[in-house]
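A structural walkthrough
Letter by letter, the chains look like this.
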Amino acid sequence: DELEHVLVDKAAKEEQFEKDVLELVERFPDCPSALAGRFLKARGDRVEEAATMIAKHLAWRAEMLPVDQSDPSVRAELDKGTFRCVGEDAEGRPVLLFAANRNKSAERVVADVIKMMCAVMEDAIAGMPAGTHKFSLVLFAPYGTELDLGLVSALASTFQDNYPERLHKLYALPTGMMSRVMWEGVRPFLSTNTAAKVVLTSGGHRPRELATSIPVQVLREALVAMDPQECDPWAEGYVSPEVSPEPSEASYAGNSDSD
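Just so you know, the residues in each chain are numbered from 1, in the order the chain's sequence is written. Predicted model: local features are reported for residues with pLDDT of at least 70 only, side-chain atom pairs are reported and counted for 80 or more only, and whole-chain, interface and lining totals are derived from all residues. Side-chain measures here rest on the full set of heavy atoms in the structure, leaving out hydrogens and waters.

**Side note on the nonpolar core**
The biggest cluster of nonpolar side chains holds 33 residues, and the ones touching the most others in it are Phe83, Leu96 and Tyr163. Helix and strand assignments come from DSSP, with helices taken as H or I runs of at least 4 residues and strands as E runs of at least 2, each series counted from the N terminus. Elements with a contribution of two residues or more to this core: α3 (47-64), α4 (72-80), β2 (94-99), α5 (110-126), β3 (135-140), α6 (149-162), β4 (167-173) and α7 (177-186). Discounting chain neighbours no more than four positions away, the residues touching Phe83 are Leu96, Leu97, Phe98, Met116, Met117, Val120, Met121 and Leu137. Val86, Val95, Phe140 and Leu173 belong to the second largest nonpolar core, which has 15 residues in total. In these notes, a set of buried Ala, Val, Leu, Ile, Met, Phe, Trp, Tyr and Cys residues joined through side-chain atoms within 4.5 Å is what counts as a nonpolar core. A 1.4 Å probe rolled over the protein chains alone gives each residue an accessible area, and that area as a share of the maximum for its type sets the label: buried under 20%, exposed over 50%, partly exposed in between. Should any heavy atoms of two residues lie within 4.5 Å, those residues are considered in contact.

**Focus on the packing of α5 against α6**
With axes taken as lines fitted to C-alpha atoms, and helix axes fitted only over the stretch in contact, angles between N-to-C directions fall between 0 and 180 degrees. At a closest axis distance of 10 Å, the pairing of α5 and α6 adopts a crossing angle of 40°. The angle between α5 and α6 falls in the class oblique. Crossing of α5 over α6 shows right-handed handedness. When α5 is examined against α6, the residues Val110, Val113, Ile114, Met117, Cys118 and Met121 are found in contact with a partner set consisting of Leu151, Ala154, Leu155, Thr158 and Phe159. Gly counts as polar in this scheme, as do all residues outside two lists: the nonpolar Ala, Val, Leu, Ile, Met, Phe, Trp, Tyr, Cys and Pro, and the charged Asp, Glu, Lys and Arg. Its residues assigned to classes, the contact of α5 with α6 comprises ten nonpolar, one polar and no charged. Each angle gets one of four labels, with under 35 degrees taken as roughly parallel, over 145 as roughly antiparallel, 65 to 115 as roughly perpendicular, and the rest as oblique. We call a crossing left-handed when the near helix sits turned anticlockwise from the far one by less than a right angle, and right-handed when that turn is clockwise.

**Quick notes on the packing of aromatic side chains**
Two aromatic rings from Phe, Tyr or Trp, using only the six-membered ring of Trp, form a pair when their centres are within 6.5 Å; if the ring planes differ by under 30 degrees the pair is stacked, by over 60 it is edge-to-face, and anything between is tilted. If you walk through the whole model with that rule in mind, you get four aromatic pairs. On the numbers, 6.2 Å between centres and 80° between planes, the contact of Phe83 with Phe98 is edge-to-face. On the criterion of sequence distance, the pair formed by Phe83 in strand β1 (residues 83-88) and Phe98 in strand β2 is long-range, its members being 15 residues apart. Note on accessibility: Phe83 and Phe98 belong to one class, buried. With a centroid separation of 6.5 Å and an interplanar angle of 20°, the aromatic rings of Phe159 and Tyr163 are classed as stacked. Each member of the aromatic cluster is reached from another via a ring pair, and the members are Trp60, Phe135, Phe159 and Tyr163.

**Comments concerning the confidence of the model for the protein**
On a scale of 0 to 100, pLDDT captures the predictor's confidence in every residue. On average, residues of the protein carry a pLDDT of 84, and 88% of them reach 70 or more. When the criterion is pLDDT under 50, residues 243-259 qualifies, and its contacts beyond four places in sequence or with other chains add up to 19 contacts.

**A short note on the packing of helix α2 (residues 33-42) against α3**
At their nearest, the axes of α2 and α3 sit 8 Å apart, and the two run at 125° to each other. Put simply, α2 runs oblique to α3. In terms of crossing hand, the pair formed by α2 and α3 is right-handed. On α3, the residues that touch Leu35, Ala36, Phe39 and Leu40 of α2 are Val47, Ala50, Met53, Ile54 and His57. Tallied by class, the residues present in the contact of α2 with α3 amount to eight nonpolar, one polar and no charged.

**Points about the sheet that holds β2**
Sheet architecture is open: five strands sit in the order β1-β2-β3-β4-β5, paired in mixed fashion. Strand pairing shows two members of the sheet lacking a second neighbour, β1 and β5 (198-200), which therefore form its edges. Taking each pair of neighbouring strands and ignoring which way they run, the sheet shows an average axis angle of 25°. Paired strands are those between which DSSP finds at least two bridges. As defined by bridge partners, β1 adjoins β2 across five bridges and the pair is classed as antiparallel. Paired with Arg84 across the bridge in β2 is Leu97. α5 contacts β1, β2 and β3 of the sheet and is inclined by roughly 20° relative to β1.

The following block contains the structure:
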């Protein structure tokens, strides 16, 4: 029976995965089983590659964490509000907002920004309810936002090497022709798995892809302050500067190929 064969194969893979996680924990006693499992999954169940990743992560963690949020340089970055937790998505995951338009390469030190972002992510992880292991990320990058490849490279490396299987989805907005060109510049810094979780939204400041993913009140609190016109994208009659001045009903309706 084909179904029975599939179920048996699945059970065998799950059993092997558990054995591999146990082996990793035995090799790295400071690595909790849940964390070992995420590293193993991120490396396609390849134990030795996961082990290499864990060894690097533990060394990084000992040096980087916990982040001293009272450090003046880190506190200055936190106070900018460039990266912060703004609520929960529809399934209870923390929603992190990266207001990329507030980042200016001439005014930042990459190491300080990375420390600040790690502090925010660690706080979000610590506050996750039982059974929740990932967060959603909203990238707000309106027209005129600087493409800071130095920060992108450092952030992608830090995130992928030390927070595997933590990202649910990254929603980029508002998007247009330039943002899609920028995406092609950013994509090489991301793993295939991470890149597959990026959603270039449509509908300007009121993206339809977020309609069922993130509650409106969370989006409103997160984005109204970010809007260059200080307008509420969910106010009646609002028209985003990134979409047609006379949008049709379909502008905010979902479709089968929006992802």
